Amino acid sequence: MADPFEVRMRFTSQLQHLSASTTAAQKAANYALKNREMDEDLHSCILEQLERNSMNNRANIMYFIEHLCEASQREGHVEFVRMVQRDILRVVDAVAPGDGSGAANVRVVRRVLQGLQTREVLLPDTVSELETVLKSRDIAPSHPFIAETNGEKQRSNGQRLDKRQIEQRIEEDRERHKRLRENIWAVSGEGDDEFNKLWDEASELGDDDYLIGKEDAEERKKVIEFG
Amino acid sequence: MAPAIPTDALVGPHPSYIEVAKPYMLQSAIDKCLSDLQMKESREDAMRLQGVTWIDNVRRSLQLPVRTFNTAVVYYHKFRLLHGEAEYNWADASAAALFTACKIEDTLKKSREILCANWNLKIAPGEHLSPDDARFENHSKLIIGLERLMLESAGFDFRNRYPQKLVVKLGREVGFRKEAEGATAWNAGLDLYRTWAPLKQSTTTMAVACVELAARLHDMDVVEQLVDRGRVGYGKLNTSRGQVMETLLDLLDLYTHHRPSTTVGPLYPLETFINIRITLNQEASAAHIPRYALYASDKPRNGVEPPSPLTPATPGTISPGTAAPTSAIGIRGQNGTVRFMLDAARARGEKVAVDRYHKAEEEEYEVEVPVTVEVEAGGGAGGGDRRRVR
């Protein structure tokens, strides 16, 4: 039985070091479940880090929460899920705050909320309520269209995004984007899923197939002619 | 002595070697490559089958679609035609082929993920590793290094084939049942990639052959129902009985000699395949269909027999675009830049234009030159001396 203090520390460290990689998120989620007897404590760690760290990190924690809920449901330990449901507004407030400094994170929040709704962690009503809250936070006060004309830019609550953080965020977003695109083409390797899908969905044999056949045949003839 | 051609007046382009991507290769060219590499048939078979199986297993575990499998296998085959056995390990080549194919087919996977997937296939779920485990570090770099060679072997030709879709369309057209003949045709399509057919045949030919074989395996009345009939007629589809026959026989060779390593093979007894083979052989003899398609330059001239697929063709009948021997990758680069082109006609045209600069023109002709003969004791030759003037 690990020392509770050490567990808290390790978990906190994992949260602080989250990245766009799903492996990091899954490792942290698995760690939380391994130490499920400390669930309240670990949940409070999550809230604490959400309110303390950079906007980038908060976005990563938001994605992590989705993994945590998935792992909890899978292992049948719904306490984590219950606590997320209870505190979801606080989470949203931390990741996409009212003052607009988290404008970059609004999309993240939306996506994760959708995911949680699909997993039935959150009710559709809850999600729509949160959505209305989000709408107003979509835009930073430093945005040129609504900036005060006295020229004060880029200072909201002292949260200035430095260059390194911006670059890091760009990298992480790129990584996440690649992962999401996988859903377009990924097919189950099992059995004949791809075959079944193609059988049901492919169009009828038609003119374009004949045309491709003709072009291929001509190309092959050329190869035979000239070697 | 040859009169000097004033070549300083004509400064030609920097010498370069053009590698033309071949969208198709025929069996004779494939065999020549293998014999140049001194690859024994049994060894080649083993590497080919193991590699394709490796690629299939790993791609399924990564949930990659079949078109990525197709492209990876073709790269794997082409790579092995240019690189000798001693140069690489077949599993690395399979991994690199799959990695390259993932990029080309826009189904991105990191090289670590591919190696990790392969690793995890061999161990229990509880011990599965994650791709960022340090043990994949160096191996992953090796794979990335091989990627360049993969692209070169394929001649940077990204025109890829996807016969499975056509197999499905044709199958539906001729009334296959999805779970029966349809599934068999699909799996035959996967098995087809274990042969050389994907390098030799067009998409249409491959699809037609798979459909016909499935029909035969399910005892359909093939001749009546689907060989060269109606909407699946060879004219409309632009294939020929000869091409289809070669492909069918390639498949049957695979099933009769390597039945356990295939998908469809284990589902039927060996005799079934042998019987189908006999029927087809009879048809081929009666119709004088050669076992393998030939290049125009391979065809018999003046009674000279075309080279059989197993003997290397004589020099001069091999096209300039055919793969060079093993270490050619390095050699061809020594004489100038290596350039990759897709259009063979254009490459020929360029060669003709460029050669004018690089070949000194020489002519030999004989001229009668009157020579005043100083009559010596033996008496000179009558008439003029003939001298060769170059």
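Every value quoted in this text rests on a predicted model; they were computed, and no experiment measured them.

All names here are of chain A. Within chain A, residue pLDDT values average 83, and 86% of them lie at 70 or more. Element-level pLDDT for chain A is lowest in helix α8 (residues 163-185), with a mean of 82, against a maximum mean of 93 in helix α1 (residues 4-16). Low pLDDT (under 50) marks residues 148-159, which in the prediction has 10 contacts with non-local residues, meaning those over four places away or in another chain.

Residues and elements named next belong to chain A. Looking at where M38 falls in the secondary structure, it is placed in the loop between α2 (22-34) and α3 (39-52). Measuring from C-alpha to C-alpha, the distance between M38 and D192 comes to 44 Å, with 154 residues separating the pair along the chain. With sequence-adjacent residues up to four places away left out, M38 is seen in contact with P4, V7 and R8.

This part is about the nonpolar core. In terms of nonpolar packing, the biggest core is built from 102 residues, with B:I55, B:L170, B:F176 and B:L226 touching the most fellow members. Tallying contributions element by element places helix α10 (residues 203-217) of chain B first for this core, with 10 residues. The contact partners of B:F176, leaving out residues within four places of it in the chain, are A:W199, B:G171, B:E181, B:G182, B:A185, B:V211, B:A214, B:A215, B:M220 and B:L226. Judged by nonpolar contacts, the second largest core, of 45 residues, contains A:L18, A:Y31, A:A71 and A:V109.

Okay, the UniProt feature "domain: Cyclin N-terminal" (unreviewed entry) in chain B next. As annotated by UniProt and renumbered to match this structure, "domain: Cyclin N-terminal" (unreviewed entry) occupies residues 32-157 of chain B. For the annotated span residues 32-157 of chain B, helix accounts for 68% and strand for 0% of the residues, and the straight-line distance between the end C-alpha atoms is 21 Å.

Quick look at the packing of aromatic side chains now. Residues and elements named next belong to chain B. For the structure on display, the rule yields 9 aromatic pairs over all chains. Their ring planes at 80 degrees and their centres at 6.0 Å tell us that W119 and F136 sit as a pair that is edge-to-face. You can see W119 sitting in helix α5 (residues 111-121) and its partner F136 sitting in the loop between α5 and α6 (137-153), a full 17 residues away along the chain. Look at Y268 and F273: their rings are 6.1 Å apart centre to centre, the planes differ by 80 degrees, and that puts the pair in the edge-to-face class.

Calculation rules
- Residues numbered from 1 in each chain as written.
- Chains lettered and ligands numbered in written order.
- Predicted model: local features only at pLDDT ≥ 70, side-chain atom pairs only at ≥ 80, totals over all residues.
- Heavy atoms only, no water.
- pLDDT = per-residue confidence, 0-100.
- Helix = DSSP H or I, 4+ residues; strand = E, 2+ residues; numbered from the N terminus.
- Contact = heavy atoms within 4.5 Å.
- Core = buried A, V, L, I, M, F, W, Y, C linked by side-chain atoms within 4.5 Å.
- Buried < 20%, exposed > 50% of the residue type's maximum accessible area, 1.4 Å probe, protein only.
- UniProt positions renumbered as here; feature names shortened; annotations may be inferred.
- Phe/Tyr/Trp six-rings, centres within 6.5 Å; stacked < 30°, edge-to-face > 60°.

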